[in-house]
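# Observations on the three-dimensional arrangement
What follows is the residue order along each chain.
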Amino acid sequence: MLLAEIKKEAAELTLHADTLGAFAGNPQQYSLSSHYSYLNKVKGHINAVGERTAELQQIRHAVLPWQQQAITEVTSHAAQVAASTQAAIVYLNENQGRHFVPEYRDHLTTIADSSTGLKNTVGKFLEYEKAQQKVQQLQNDLELESD
């Protein structure tokens, strides 16, 4: 259930992160308030993902190995988004958008790429879970012993 909530949040996150990715190409083309607006939207979504991943970390010891791997990978992508978002906000606060250095552009690109990675990773693990449930159901229907 927590992964499904993260998937929903990641879908919304990715929409805003993709916009920031587009900003990376020519940041001067967009207003400073647009940069702040999208960074704050991303920050809100990644904070929500962070709350869910914290809950996953608390139950990590009691879940299957594939679920532990999902927790690890989701946490890694989320941490990358969070760190780059924070760094981009700090940069804007310190420079007020006077100069969009390559480092800032890299942050925007990382936000976009890691957000997409987060969304795709969660989606794949949820597909895996669904497939596992289907196999279990078929085994039950056919009265087969599971491995």
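What you see is a predicted model, and the numbers here were worked out from it, not measured in a lab.

Each aromatic ring pair is characterised by the separation of its centres together with the angle its planes make. Throughout the structure, instances matching the rule amount to 6 aromatic pairs. Residues Phe23 and Tyr38 carry aromatic rings whose centres are separated by 5.7 Å and whose planes lie at 80° to one another, so their mutual orientation is edge-to-face. Residue Phe23 is located in helix α1 (residues 2–25), and its partner Tyr38 is located in helix α2 (residues 32–59); the two are separated by 15 residues in the primary sequence. Classification of Tyr38 by relative accessible area gives partly exposed; the value is 23%. In this structure, Lys41 packs its charged tip against the face of Tyr38, placed 4.7 Å from the ring centre.

The next thing to look at is the packing of helix α3 (residues 65–95) against helix α4 (residues 102–141). Where α3 contacts α4, the two axes come as close as 9 Å, and the packing angle between them is 160°. When the axes of α3 and α4 are compared, the pair comes out roughly antiparallel. Seen along the crossing, α3 lies across α4 with a hand that is left-handed. Its residues placed into classes, the contact of α3 with α4 shows 14 nonpolar, 11 polar and 2 charged.

Let us look at the pattern of salt bridges. Evaluated as defined, the whole model comprises 2 salt bridges. Where Arg52 meets Glu5, a salt bridge forms, and the shortest distance between an N and an O atom there is 2.7 Å. Here Arg52 is found in helix α2, whereas its partner Glu5 is found in helix α1, with 47 residues between them in sequence. Exposure remark for Arg52: the relative accessible area of 21% places this residue in the partly exposed category. You can call Glu5 partly exposed: its relative accessible area is 29%. Salt-bridge contacts for Glu51 lead to Arg52; the nearest nitrogen and oxygen are separated by 3.9 Å. One continuous salt-bridge network, built from bridges that share partners, spans Glu5, Glu51 and Arg52.

Calculation rules
Residues numbered from 1 in each chain as written. Predicted model: local features only at pLDDT ≥ 70, side-chain atom pairs only at ≥ 80, totals over all residues. Heavy atoms only, no water. Phe/Tyr/Trp six-rings, centres within 6.5 Å; stacked < 30°, edge-to-face > 60°. Helix = DSSP H or I, 4+ residues; strand = E, 2+ residues; numbered from the N terminus. Buried < 20%, exposed > 50% of the residue type's maximum accessible area, 1.4 Å probe, protein only. Lys NZ or Arg CZ within 6 Å of the ring centre and 35° of its normal. Axes fitted to C-alpha atoms, helices over the stretch in contact; angles between N-to-C directions. Parallel < 35°, antiparallel > 145°, perpendicular 65-115°, else oblique. Left-handed = near helix turned anticlockwise from the far one by under 90°. Nonpolar A, V, L, I, M, F, W, Y, C, P; charged D, E, K, R; others polar. Salt bridge = Lys/Arg side-chain N within 4 Å of Asp/Glu carboxyl O.

Everything listed here is a matter of geometry and, on its own, says nothing about what the molecule does.
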